[in-house]
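Structural description and commentary
Listed below, chain by chain, are the residues.
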Amino acid sequence: MEALLYQFTLLSSQAFQDKNFDPSSTDDVMKLFDIEAYRSWAAMELEQEKEVEEAEVAVQEAEEYLESDMESAMDEFRRFEEEMERMARSELESLERAGESARKMGNLFEKAATIASKKYMEAALNSATASMKTAWKGLSSIKVHPS
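Below: a short report on this structure. (Residues numbered from 1 in each chain as written. Predicted model: local features only at pLDDT ≥ 70, side-chain atom pairs only at ≥ 80, totals over all residues. Heavy atoms only, no water.)

A tally of helices and strands in the chain yields two helices and zero strands. Computed over the C-alpha atoms, the radius of gyration of the chain is 58 Å, more than 25% above the 15 Å expected from 2.2 N^0.38 for a compact globule of 147 residues. The buried share of the chain, taken over its 147 residues, is 4%. About 13,500 Å² of surface is accessible on the chain, with carbon and sulfur atoms providing 60% of the total. Of the side chains in the chain, 17 bear a positive and 32 a negative charge, and the two mean positions are spaced by 37 Å. (Helix = DSSP H or I, 4+ residues; strand = E, 2+ residues; numbered from the N terminus. Rg over C-alpha atoms; globule rule 2.2 N^0.38 Å. Buried < 20%, exposed > 50% of the residue type's maximum accessible area, 1.4 Å probe, protein only. Areas by Shrake-Rupley, 256 points an atom, 1.4 Å probe, with all protein chains shown as cover. Lys, Arg positive; Asp, Glu negative; His and termini not counted. Charge placed at Lys NZ, Arg CZ, Asp CG, Glu CD.)

Written out as structure tokens, the structure reads:
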């Protein structure tokens, strides 16, 4: 392009100096300018297409990377969720065992209290019976004089 500008400058100088200068002689230089402009435009178009393709490739790579990271994160979340479920299940089983143990102990305490109250009632009844027998003996041993 600089060579064309130099050639155009020479023709311009010649046009100022030569009164018989033919303006049609610049047509060839103008056609060369046109061709050079078209070539520059085509080169820029190719460069732009190349950049678009590179950008599309970069976007595709970024999407694949993001998808890979998302999949890794989801796998990690699933493992975490499974671990939490195992821990919760273990805690629940532990609480159920403790509850069952407390229920059995409560049943034993209830049976022990029932047995103790029956024994107490038997002892009280036996004591009352013994007191009544003693009292009855005492009354039956008193003899009335026939006087």
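Here the narrative resumes, following the displayed structure.
Counting across every chain of the model gives four salt bridges. Note that Glu-83 and Arg-86 form a salt bridge whose closest N and O atoms lie 2.8 Å from each other. In this pair, Glu-83 and Arg-86 both sit in helix α2 (residues 26-141), three residues apart, roughly one turn of the helix. With a relative accessible area of 33%, Glu-83 lands in the partly exposed category. Owing to a relative accessible area of 44%, Arg-86 belongs among the partly exposed residues under this scheme. (Salt bridge = Lys/Arg side-chain N within 4 Å of Asp/Glu carboxyl O.)

If you look at the biggest cluster of nonpolar residues, it comprises five residues: Leu-4, Leu-11, Phe-21, Val-29 and Phe-33. Those elements that provide at least two residues to this core are α1 (2-17) and α2. Excluding its chain neighbours within four sequence positions, the residues that come into contact with Val-29 are Leu-4, Gln-7, Phe-8 and Leu-11. (Core = buried A, V, L, I, M, F, W, Y, C linked by side-chain atoms within 4.5 Å. Contact = heavy atoms within 4.5 Å.)

Our next topic: a nonpolar patch on the surface. A surface patch of nonpolar side chains, about 490 Å² in accessible area, is lined by Met-74, Phe-77, Phe-80, Met-84 and Met-87. Counting through the fold element by element, Phe-77 comes out in helix α2. A residue is classified by how much of its surface remains accessible, and Phe-77, at 44% relative accessible area, is partly exposed. (Patch = residues over 30% accessible without salt bridge, like charges linked within 9 Å, V, L, I, M, F, W, Y side chains within 5 Å.)

Moving on, we get to the packing of aromatic side chains. This structure, assessed with the given rule, holds one aromatic pair. Note on Tyr-38 and Trp-41: the rings are 5.7 Å apart at their centroids and 35° apart in plane angle, and the pair reads as tilted. In this pair, Tyr-38 and Trp-41 are both assigned in helix α2, three residues apart and thus about one turn of the helix distant. Assessed through its relative accessible area of 48%, Trp-41 is described here as partly exposed. (Phe/Tyr/Trp six-rings, centres within 6.5 Å; stacked < 30°, edge-to-face > 60°.)

Once that is clear, we can look at the environment of Lys-111. Relative to the elements of secondary structure, Lys-111 occurs in helix α2. A relative accessible area of 55% places Lys-111 in the exposed class. The spacing of Lys-111 and Met-30 is 81 residues in sequence and 118 Å in space, taken between C-alpha atoms.

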